[in-house]
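Residue-level structural notes
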Amino acid sequence: MTAPTTEQSNAEIDALRERIDAADAELIRIWRERAELSRQVGVARMAAGGTRLVLAREQKIVDKFRAALGTDGAQLAMLLLRAGRGPL
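Residues numbered from 1 in each chain as written. Predicted model: local features only at pLDDT ≥ 70, side-chain atom pairs only at ≥ 80, totals over all residues. Heavy atoms only, no water.

Looking at an unreviewed UniProt entry, the protein chain carries the name Chorismate mutase, with the source organism given as Cryptosporangium aurantiacum.

What follows is the structure, encoded as structure tokens:
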């Protein structure tokens, strides 16, 4: 088996970067959609006389992300929650 040429390696890197760029675009789209949905839940909850935050719900989300992704997942969950509700 021969080693790939620089041209082949560069083409592979370019193809992988294109996939990364597409994944990034999808993550951004999903991030924005989730934040808007979360904002709508908060508005509906407060309109119904509820509180702005439901800490038990937020903890479930953090726990779910931590279980799936470890410590980084918990940090990601906190960022997602903040994007939807704003800073405390």
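Here the narrative resumes, following the displayed structure.
**Thoughts on the overall build of the protein chain**
If you tally the helices and strands in the protein chain, you get three helices and zero strands. A compact globule built from 88 residues should have a C-alpha radius of gyration of about 12 Å, whereas the protein chain, at 20 Å, is more than 25% larger. Viewed in the frame of its principal axes, the protein chain has a C-alpha envelope of about 70 × 25 × 20 Å. The buried share of the protein chain, taken over its 88 residues, is 16%. Summarising the internal contacts of the protein chain: among those between residues at least 6 apart in sequence, 45% fall at separations of at least 24. With the model as given, the accessible surface of the protein chain reaches about 7,000 Å², and the carbon-plus-sulfur share is 60%. With 14 positive and 12 negative side-chain charges, the protein chain shows a separation of 15 Å between the mean positions of the two kinds. (Helix = DSSP H or I, 4+ residues; strand = E, 2+ residues; numbered from the N terminus. Rg over C-alpha atoms; globule rule 2.2 N^0.38 Å. Buried < 20%, exposed > 50% of the residue type's maximum accessible area, 1.4 Å probe, protein only. Contact = heavy atoms within 4.5 Å. Areas by Shrake-Rupley, 256 points an atom, 1.4 Å probe, with all protein chains shown as cover. Lys, Arg positive; Asp, Glu negative; His and termini not counted. Charge placed at Lys NZ, Arg CZ, Asp CG, Glu CD.)

**A word on helix α1 (residues 6-47)**
Over its 42 residues, α1 runs 61 Å from end to end, which matches the ideal 62 Å to within 8%, given 1.5 Å per residue. Once α1 finishes, Gly49 follows within two positions and takes phi at roughly 90°, a positive value. (Expected span 1.5 Å × (residues − 1).)

**Here we look at the side chain of Glu58**
Its place among the elements puts Glu58 in helix α2 (residues 55-69). In terms of polar contacts, Glu58 uses its side chain to reach the side chain of Arg85, at 2.7 Å. Sequence-distant contacts of Glu58, that is, excluding residues within four places in its chain, are made with Leu53, Leu81 and Arg85. (Polar contact = N/O pair within 3.5 Å; in protein donor to acceptor, adjacent residues only side chain to side chain.)

**Re the packing of α2 against helix α3 (residues 71-85)**
One can describe the packing of α2 onto α3 by two numbers: an axis separation of 6 Å at closest approach and a directional angle of 145°. Pair α2 / α3 crosses with right-handed handedness. Counting all contacts with α2, which are made through Glu58, Ile61, Val62, Phe65, Arg66 and Leu69, the residues of α3 involved are Thr71, Asp72, Gly73, Ala74, Leu76, Ala77, Met78, Leu80, Leu81 and Arg85. (Axes fitted to C-alpha atoms, helices over the stretch in contact; angles between N-to-C directions. Left-handed = near helix turned anticlockwise from the far one by under 90°.)

**Some words on the nonpolar core**
The biggest cluster of nonpolar side chains holds seven residues, and these are Ile61, Val62, Phe65, Ala74, Ala77, Leu80 and Leu81. Of all elements in the fold, only α2 and α3 reach the threshold of two or more residues within this core. The element best represented in this core is α3, accounting for four residues. Those residues in contact with Ala77 that sit more than four places away from it in its chain are Ile61, Val62 and Phe65. (Core = buried A, V, L, I, M, F, W, Y, C linked by side-chain atoms within 4.5 Å.)

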